[in-house]
Each structure stands twice: as C-alpha cells, then as structure tokens.
Amino acid sequence: MRKALATVFCVGFLGLLTAGGLALVWFPVQEIINFEPQRNLVCCSPLSDAPVSADEQRNDLIINSLFPIGGGIGTFVLAIYCLKHFISYLRE
C-alpha cells in the first residue's frame, strides 16, 4: 500500500516538475522565435533620441531568456534525478 501511494504521489510530482520545466523552456524560446523588433524604442534616458537597433533588442531578449531556460533545464534534470531515485526505491 505504501509503494502504491508513493507511486501515485511520485507520478504527480514528476508530471508537475516536467510540465513546469518544459514551460520554463518553451515560453522564452517561443518569444525568441516570434521576435519582431519595435520601431520607436528609445534607449535608456529621456534625453537620448538614439533608437535601439533590432540586433540590440534581440540580444536583450536572449539574455533575459537565459535564466528561465536554465531554470527549466534544471527542473527537468531534477525530475529525472527524482525518477531515478524513485525507481531504486521501488526495487527495494
């Protein structure tokens, strides 16, 4: 009975970890793929009239996406690690 309950809990937990990890990776990647630069974006200061180039906007988007993508990969790796230990628990 304990192993059955642990199996139900672990399947739900691993499902949440996997879905969360994939969502953390997918949404930033989708934003990078569908990127369209804004035309009238002005840099940093109200005194500056220098427009931000499309390359700068894409680079900023990629840099801002690194943390969620890394977190998603880490969450997915954690799910695999938990699955490995759960399988060893079931073999006892």
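Given the structure is predicted, the values throughout are model-derived calculations rather than measurements.

Rules of the game
- Residues numbered from 1 in each chain as written.
- Predicted model: local features only at pLDDT ≥ 70, side-chain atom pairs only at ≥ 80, totals over all residues.
- Heavy atoms only, no water.
- Helix = DSSP H or I, 4+ residues; strand = E, 2+ residues; numbered from the N terminus.
- Buried < 20%, exposed > 50% of the residue type's maximum accessible area, 1.4 Å probe, protein only.
- UniProt positions renumbered as here; feature names shortened; annotations may be inferred.
- Core = buried A, V, L, I, M, F, W, Y, C linked by side-chain atoms within 4.5 Å.
- Contact = heavy atoms within 4.5 Å.

A.B. asks: Where do I start with the environment of valine 52 in this structure?
C.D. replies: Tracing the chain through its elements places valine 52 in the loop between α1 (2-33) and α2 (54-91). Here valine 52 falls in the buried class, since its relative accessible area comes to 14%. In this structure, the C-alpha to C-alpha distance between valine 52 and asparagine 40, residues 12 residues apart in sequence, is 8.0 Å.

A.B. asks: Any chance you could explain the UniProt feature "transmembrane region" (unreviewed entry) in the protein here in plain terms?
C.D. replies: With numbering aligned to this structure, UniProt lists the feature "transmembrane region" (unreviewed entry) at residues 61-83. Each end of residues 61-83 is marked by a C-alpha atom, and these two atoms are 33 Å apart; helix forms 100% of the span and strand 0%.

A.B. asks: Would you take a moment to explain the nonpolar core for this structure?
C.D. replies: Across soluble globular proteins, nonpolar side chains show a tendency to be buried alongside one another. One finds Ala6, Cys10, Leu14, Leu17, Ala79 and Phe86 forming the largest nonpolar core, which totals six residues. Broken down by secondary-structure element, the contributors of at least two residues to this core are α1 and α2. The element best represented in this core is α1, accounting for four residues. Setting aside residues up to four positions removed in sequence, leucine 17 forms contacts with Thr75, Leu78, Ala79 and Cys82.

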